[in-house]
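# Coordinates in review
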Amino acid sequence: METPKSSILIIYTGGTIGMKTDAATGALVPFDFSAIYDEFPSLKRLNVDIDVQTMSPVIDSSNVAPDNWIALAGLIRDNYARYDGFVVLHGTDTMSYTASALSFLFENLAKPVVFTGSQIPIGVLRTDGRENLITAIEIAGARRNGAPAVPEVSLYFQNRLFRANRTTKRSAEALNAFRSYNYPPLAEVGVNIAYNFPAVIRPAVADPELRIARRLADGIAVIKLFPGLGEQILRSMLSAPGLRAVVLETFGAGNAPTSEWFIRVLREAIGHGIIILNITQCGGGKVSMELYETGLRLQKAGVLCGYDMTTEAAVSKLMYVLGLELSGEETLALLRKPLRGEFSA
Ligand code: ASP
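An account of the accompanying structure is given in this report. (Residues numbered from 1 in each chain as written. Predicted model: local features only at pLDDT ≥ 70, side-chain atom pairs only at ≥ 80, totals over all residues. Heavy atoms only, no water.)

## With respect to the overall build of the protein chain
For the protein chain, the count of helices and strands is nine helices and 18 strands. Against the globule reference of 20 Å for 345 residues, the protein chain gives a C-alpha radius of gyration of 21 Å, in line with a compact fold. Dimensions of the protein chain along its principal axes, counting C-alpha atoms only, are 65 × 50 × 35 Å. By residue count, 50% of the 345 residues in the protein chain fall in the buried class. Sequence-distant contacts in the protein chain: of pairs separated by 6 or more residues, those separated by 24 or more amount to 74%. In the structure as shown, the protein chain presents an accessible area of about 15,600 Å², 52% of it carried by carbon and sulfur atoms. One way to put it: in the protein chain the 33 positive side-chain charges average out to a point 4 Å from where the 34 negative ones average out. (Helix = DSSP H or I, 4+ residues; strand = E, 2+ residues; numbered from the N terminus. Rg over C-alpha atoms; globule rule 2.2 N^0.38 Å. Buried < 20%, exposed > 50% of the residue type's maximum accessible area, 1.4 Å probe, protein only. Contact = heavy atoms within 4.5 Å. Areas by Shrake-Rupley, 256 points an atom, 1.4 Å probe, with all protein chains shown as cover. Lys, Arg positive; Asp, Glu negative; His and termini not counted. Charge placed at Lys NZ, Arg CZ, Asp CG, Glu CD.)

## Describing the environment of T98
Within the element layout of this structure, T98 appears in helix α3 (residues 95–105). Residue classification places T98 among the buried residues on the basis of a relative accessible area of 1%. A C-alpha to C-alpha distance of 9.7 Å links T98 and I70, two positions 28 residues apart in sequence. Among residues more than four places away in sequence, those in contact with T98 are V64, W69, L72, H90 and F115.

## A few points about the packing of aromatic side chains
Counting across every chain of the model gives 10 aromatic pairs. With centroids separated by 5.8 Å and ring planes inclined at 80°, the aromatic side chains of W261 and F262 adopt a geometry described as edge-to-face. Ring geometry for Y307 against F343: centres 4.9 Å apart, planes inclined by 20°, an arrangement best described as stacked. Pair noted here: Y307 is in the loop between β18 (304–305) and α8 (311–323) and F343 is in the segment after α9 (328–336), with a separation of 36 residues, a long-range link. When its relative accessible area of 23% is taken as the criterion, Y307 is described as partly exposed. Linked through ring pairs, Y12, F31, F33 and F40 together constitute an aromatic cluster. A cation over a ring is seen here: K111 above Y80, with NZ or CZ 4.7 Å from the ring centre. Against the face of F197 rests R144, its NZ or CZ located 4.0 Å from the ring centre. (Phe/Tyr/Trp six-rings, centres within 6.5 Å; stacked < 30°, edge-to-face > 60°. Lys NZ or Arg CZ within 6 Å of the ring centre and 35° of its normal.)

## So, the sheet that holds β18
A sheet is described by the order of its strands in space; here four strands give the open sequence β15-β16-β17-β18, paired in parallel fashion. Here the strands that pair on one side only, and so sit at the sheet edges, are β15 (220–224) and β18. Judged from the two bridges that link them, strand β17 (residues 275–280) and β18 form a sheet pairing that is parallel. Bridge pairing in β18 links N278 to C305. (Pairing = 2+ DSSP bridges.)

## Thoughts on the sheet that holds strand β6 (residues 113–116)
Within the open sheet, the eight strands sit side by side as β4-β1-β5-β6-β9-β10-β13-β14. Their pairing is mixed. Only two strands of the sheet have a single neighbouring strand rather than two, namely β4 (48–54) and β14 (193–195). Going across the sheet, the axis of each strand differs from the next one's by a mean of 20°, ignoring polarity. Pairing geometry for strand β13 (residues 187–189) and β14, over three bridges, is antiparallel. Residue pairing in the sheet places V189 in a bridge with I193 of β14. Its contacts with the sheet place α3 against β6 and β9 (153–157), and it is angled at close to 155° to β9. (Axes fitted to C-alpha atoms, helices over the stretch in contact; angles between N-to-C directions.)

## Re the pairing of strand β10 (residues 160–163)
Strand direction decides the pairing type here: β9 and β10, joined by four bridges, are antiparallel. Pairing of L155 across the sheet is with F162, part of β10.

## Topic: the state of the cysteines
Scanning all chains against the criterion turns up zero disulfides. The thiol of C282 is unpaired, and the distance to the nearest cysteine sulfur, on C305, comes to 14 Å. (Disulfide = S-S within 2.5 Å.)

## Observations concerning α3
Structurally, the α-helix is built with 3.6 residues per turn, so residues lying three or four positions apart point the same way. Taking burial as the measure, the 11 residues of α3 include 10 buried ones, the bulk of the element. Looking only at α3, the buried set comprises M95, S96, T98, A99, S100, A101, L102, S103, F104 and L105. Looking at the packing, one finds that the buried side of α3 touches α2 (66–78), β6, β9, β11 (168–169), β12 (178–179) and α8.

## A closer look at the site of the ligand
Every residue lining the ligand is accounted for by G15, T16, D60, S61, G91, T92, D93 and S118. Interatomic distance of 2.9 Å between a side-chain N/O atom of D60 and a nitrogen atom of the ligand. At 2.5 Å from an oxygen atom of the ligand is found a side-chain nitrogen or oxygen belonging to S61. Bound to the protein, the ligand loses 88% of the 270 Å² it would expose on its own. Residue classes in the shell around the ligand are distributed as no nonpolar, six polar and two charged. (Near = heavy atom within 4 Å. Polar contact = N/O pair within 3.5 Å; in protein donor to acceptor, adjacent residues only side chain to side chain. Nonpolar A, V, L, I, M, F, W, Y, C, P; charged D, E, K, R; others polar.)

Any functional reading would require information beyond the geometric quantities listed.
Here you go:
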């Protein structure tokens, strides 16, 4: 029996992937994704039906803000019943932030949402965008035993499919720009697409409607420790008006100076209700605050463990969880456990 076609919605948000060289002038001009079958006739050979929507306005991903994440999540929710999967074309610079945020905003996702983009515009001969786009479409439409193969928010780039909230952009130059240091790829692409099914999260039930969170909190800051960070500076950062939570990027396995003033300043902030979440500034490995005295003191001061979370996941998780406006205890309970596979304890 012939496998039914999957229907895929491609959403173009902006970024390098959506550019091509104008034959007459040689300048970069927008690529028309609505004419995708004319640009890539070979797409007709995939067992998918494709529709395209372009976000308005199309933006460079450095200008993306939480309102854009909510709008994008809303667009996917509004089209959820009509499509089997979604491909989001996004600038690479902040793609991991947007994709992490969407993983939290979607509260019962059961269909693939695959982010991709490119380092070289899609309309340039040597582009990496063509392969990224075509394989992302194939993955968004792939099924296993009649169900979507990867019903998660994922990110496909240069032959690897990752859980989106484990990724980070690591190169402004290399075509394999993204890394997922602490979680294995969900698929590796060579001659075939080799899915790593045990690593994929699968919802117990597939609700027909997608529920999304309505708001994301502001008041989040990221503070990266460095030797020489002074008391005045740290104190003034932690007393910024409106501050609600800090992602503290510590050294190694979650370590920070043991000086009295440092711990005192953190304790005072925590005493004022500010959440401090400890992640490591190393790409690979995790925070384990019991390992050294330098981490233990943070734990005793009330700093939360972020385990092996990326900065992108930590920031967007805090925005999501604080946006739920729960009690202090419920908020901490959600921050202490993985909600969408964003960390391994
Ligand atoms: N500045 C672009 C963006 O992130 C870069 C890219 O798409 O790769 O929108």
